[in-house]
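Architecture and fold: a report
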Amino acid sequence: MTTSSDTDTDTQSATTSSGAAAAAEAAAQGVDTALSTSPEGRAARTGPGDGPGGASRATGATRVGRSWPVVTLSRAWRQLTSMRTALLLLFLLALAAVPGSLIPQKNLNPLNVQEYFANHPKLAPILDRFSVFSVFSAPWFAAIYLLLFISLIGCLSSRIRWHAKALFGRPPKAPARPSRLAGGSKWSTSATPEEVVEAAHTTLRGRRFRVAVPAAGATRPGGAPDHSVAAEKGYLRETGNLVFHVALVLLLAGVGFGSWFGYQGTVLLVTGDGFTNGVVSYDQFSHGRLIKTNQLTPFSVNLDAFHATYQPNAEPKTFTADVSYATSLNGPKKQSTIRVNHPLDIGSAKVYLIGHGYAPHFVLRNAQHAVIWESYTACTPRDAKFTSSCTVKIPDTGLPDVGSPKAPQQLAFTGVFTPTTTLDPAQGYVSSFPADDAPGMTINAWVGNLHLNEGLPQNVYALDTTDLKQVRIDGPIGRQQIAQVLAVNNPRENTVSGLPGGYTLSVDSVREFATFQTKSDPFKGVVLVAAIFIILGLVTSLRVRRRRVWVRVRPAGPGEDGPTVVEVGGLTRADPEGFFGELSTITNEIRAATPVTAGGIPRPATEPAATAAEPAPATEPAPATEPAPATAVPAVPSAPATAPDGDGAASRTTDREPR
């Protein structure tokens, strides 16, 4: 027999389930939204001073001894550690990094910065005042970065505490009528309530649900015995979510600390040359603010040989650099081979092979054939077949100054190096293969003031011809030509003459060069581990489904078959169709363990509504002497995330839903 209190409870459950479904739509969007609907989440996000009546509580707190600065700082902390602030700071960090990719940076392209100042004499000083030319070391960028860390850590700390408590808590109590939930079922059985509860407990535990059963002798608010089972599964979804965010914080921390304690340098070595791990040895060097450049890992590296092989179609095949290195000043030499993506490990530093090319040997002689200057000069590759641009600058030529005022006579040469030289009718001399099978050089000569002694930085791979005059030279293709074509391996065709003072220039051999990058990042292991956990956390949070199942057993009322009635229902936050299939399987297993009475065939307690927005029909409370009619509840396609608890108080189960 159904009492009036049970009828009121049932009616309230049916009425409040529609409101719970509305709240569930927001909760179904993810764990972050669900956190904001729980009392623990609201406390972590807003604190006791926010929300309706927050001002009065803060004022009351001030009256009992909290001064207004303390209240202000408390509210500021809650605002800083909210998820909304973290997202805003993350957006600001991405926005602040944009100038660093659009405007040249001092630590990467000092020459481009100098050129920017020359092209924008009014704008550049203003940008420099705001550290736009050194964005990633600017105070305002560091402030955003630090605030983001504090916000994420503060936000995650409260979520981790809440999740740790939820992991060891009990699933929410079973609602009064779980069969009225979407996909729920109800049937009559001759088994005792204790037998049904035991069967449900066994079935759900077998499916690895966390199961809670009321203690022996527990009663419902109306005084009736509480025979129910509450089960929950899918906590790994929130665990994966937290792992993802914690790993993201660790990744950002690893990148940040790596930039503070790391360094990298780039150096170009012609075969036979070497370098030491010091600032002066590198062509480009950048380091973190907390690095002491006089305490770098001590080592030296020498390039003994470079080998490059190519496919018949000129595609690269292998690049290897044979090196010898030592880890101390007088230490023994060790041999190693550096290949692409296979660096040389020396302590906390790694030496990578990042490029290669050709360096012809230039020799300048005077009229008496004495060598004035010689050097292997690296040429810049400009296509896949290593056609390369060469620039040679010779400031100390020994030629007398000319003009008034006196200006030095310095020599410069520009040219195009072709490793395998062939004559193209349309383009002239070009390279047909990357290997140096038939090296050639097309060269031009210049004389004048190079301005190399004035202390201003210059690009070694470019020539400013403002104060230079082109010289007509003699060579293999004739006299007084603007350009000459030299055959590097042919002693009769590798020299040009006709230079000022009777000088000659020869290109008599070629070597390969290799570009190396030394990089030290003591936190790269942290970044790698964090990246792995980011992927694992993301996959877990996307694959695991959160779901709850309830079983309520009660004595049969008038008009119901059998001594016992069993009701089964459940909720999920995602994939309702898949969950309904799982719920149906669980229901069948419980039913198979409990004998069904004649006429007590299991059936869904509710029929799905035509639309989720259709309101539930109004019901009238039934007299105490007659059973209350079943009230249809609209089905929610996304599976409501909450349900009223055992005494019909929907507010408590809604607040407890994020668990």
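Just above, that's the structure.
I will try to describe carefully the structure that is included in this document.

1. Examining the overall build of the protein
Scanning the protein for helices and strands turns up 15 helices and 27 strands. Looking at the 659 residues of the protein, the share that counts as buried comes to 44%. For the protein, restricting intrachain contacts to residue pairs at least 6 apart in sequence, the fraction spanning at least 24 positions comes to 66%. As displayed, the protein offers around 33600 Å² of accessible surface, 59% of which is attributable to carbon and sulfur atoms.

2. Here we look at unusual backbone geometry
Trans peptide bonds make up most of the peptide bonds, and negative phi angles are found at most residues other than glycine. Positive phi is not limited to glycine here, since Ala314 has a value of about 75°. With respect to the secondary-structure elements, Ala314 resides in the loop between β7 (300–310) and β8 (316–326). Note on Ala314: relative accessible area 11%, which makes it buried. Of note, the phi angle at Gln480 is positive, near 55°, even though the residue is not glycine.

3. Brief notes about the environment of Gly288
Following the sequence through the fold, Gly288 ends up in the loop between β6 (284–287) and β7. Classification of Gly288 by relative accessible area gives buried; the value is 2%. A C-alpha to C-alpha distance of 9.3 Å links Gly288 and Gln264, two positions 24 residues apart in sequence. When residues no more than four places from it in sequence are discounted, the contact partners of Gly288 are Ser259, Trp260 and Gly262.

4. Overview of the packing of aromatic side chains
As enumerated under the stated definition, the model contains 20 aromatic pairs in all. Here Phe136 and Phe141 contribute two aromatic rings whose centre-to-centre distance is 5.4 Å and whose plane-to-plane angle is 85°, an arrangement assigned as edge-to-face. Assessed through its relative accessible area of 10%, Phe141 is described here as buried. Arranged with centres 6.0 Å apart and planes meeting at 90°, the rings of Tyr358 and Phe386 form a pair that is edge-to-face.

5. Observations concerning the nonpolar core
In terms of nonpolar packing, the biggest core is built from 30 residues, with Phe413, Phe417, Ile443, Leu499 and Leu505 touching the most fellow members. When residues in this core are grouped by element, the largest group, four residues, is from strand β18 (residues 440–448). If near-sequence neighbours (up to four positions away) are discounted, Phe417 is found in contact with Tyr358, Pro360, Cys379, Phe386, Thr387, Ser388, Cys390, Pro439, Gly440, Met441, Val488 and Val510.

6. So, the packing of helix α6 (residues 83–96) against helix α10 (residues 139–167)
Two elements in contact, α6 and α10, have axes separated by 9 Å at closest approach and are oriented at 155°. It follows that α6 is roughly antiparallel to α10 by the angle criterion. For the pair α6 and α10, the crossing hand works out as left-handed. Of the residues in α10, those in contact with Met83, Thr85, Ala86, Leu89, Leu90, Leu92, Leu93 and Ala96 of α6 are Trp140, Phe141, Ile144, Tyr145, Leu147, Leu148, Ser151, Leu152, Cys155 and Arg159. Looking at side-chain class alone, the contact of α6 with α10 contains 15 nonpolar, two polar and one charged residues.

7. A word on the pattern of salt bridges
Close approach of charged atoms allows side chains of opposite charge to pair. According to the stated counting rule, one finds 13 salt bridges in the structure shown. Across the salt bridge formed by Glu582 and Arg545, the nearest N and O atoms sit 3.8 Å from each other. Residue Glu582 is located in helix α14 (residues 576–592), and its partner Arg545 is located in the loop between α13 (524–543) and β25 (547–555); the two are separated by 37 residues in the primary sequence. Overall, the relative accessible area of 11% leaves Glu582 in the buried class. Here the residues in one salt-bridge network are Arg210, Glu232, Arg546 and Arg548, joined through shared partners.

8. Some details on a nonpolar patch on the surface
Nonpolar side chains collect at one region of the surface, where Leu88, Phe91, Leu92, Leu95, Val98 and Leu102 lie side by side and expose about 580 Å² of accessible area between them. With four residues, the top contributor of residues to the nonpolar patch is α6. Here Leu102 falls in the exposed class, since its relative accessible area comes to 67%.

9. A word on α6
The terminal C-alpha atoms of α6 lie 20 Å apart, and with 14 residues this matches the ideal 20 Å at 1.5 Å per residue to within 8%. By the burial criterion, the buried members of α6 are Thr85, Ala86, Leu89, Leu93 and Ala96. Along the axis of α6, the buried residues cluster in a sector spanning 100°; they form a single face. Relative to its buried face, α6 has exposed residues pointing more than 90 degrees away, namely Arg84, Leu87 and Phe91.

10. Focus on the packing of helix α11 (residues 193–206) against α14
Closest axis-to-axis distance for the α11/α14 pair is 9 Å, and the angle between their directions is 140°. As judged from the angle between their axes, α11 and α14 are oblique. Helix-helix and strand crossings are classified by hand; for α11 and α14 the assignment is right-handed. Side by side, α11 and α14 meet where Ala200, Thr203 and Leu204 of the first sit next to Ile586, Glu589 and Ile590 of the second.

11. Notes on the state of the cysteines
A covalent bond bridging the sulfur atoms of two cysteines is what the word disulfide describes. In this structure the tally under the stated criterion is one disulfide. Note on cysteine connectivity: Cys379 is disulfide-linked to Cys390, with sulfurs 1.9 Å apart. One quick way to see it: the torsion about the S-S bond of Cys379 and Cys390 is about 110°, and its sign makes the bridge right-handed. With Cys379 in the loop between β12 (371–376) and β13 (380–381) and Cys390 in strand β14 (residues 388–394), this residue pair connects regions lying 11 residues apart in the sequence. Take Cys379 and Cys390: they sit in the same class, and that class is buried.

Parameters and conventions
Residues numbered from 1 in each chain as written. Predicted model: local features only at pLDDT ≥ 70, side-chain atom pairs only at ≥ 80, totals over all residues. Heavy atoms only, no water. Helix = DSSP H or I, 4+ residues; strand = E, 2+ residues; numbered from the N terminus. Buried < 20%, exposed > 50% of the residue type's maximum accessible area, 1.4 Å probe, protein only. Contact = heavy atoms within 4.5 Å. Areas by Shrake-Rupley, 256 points an atom, 1.4 Å probe, with all protein chains shown as cover. Phe/Tyr/Trp six-rings, centres within 6.5 Å; stacked < 30°, edge-to-face > 60°. Core = buried A, V, L, I, M, F, W, Y, C linked by side-chain atoms within 4.5 Å. Axes fitted to C-alpha atoms, helices over the stretch in contact; angles between N-to-C directions. Parallel < 35°, antiparallel > 145°, perpendicular 65-115°, else oblique. Left-handed = near helix turned anticlockwise from the far one by under 90°. Nonpolar A, V, L, I, M, F, W, Y, C, P; charged D, E, K, R; others polar. Salt bridge = Lys/Arg side-chain N within 4 Å of Asp/Glu carboxyl O. Patch = residues over 30% accessible without salt bridge, like charges linked within 9 Å, V, L, I, M, F, W, Y side chains within 5 Å. Expected span 1.5 Å × (residues − 1). Arc of directions from axis to C-beta. Disulfide = S-S within 2.5 Å.

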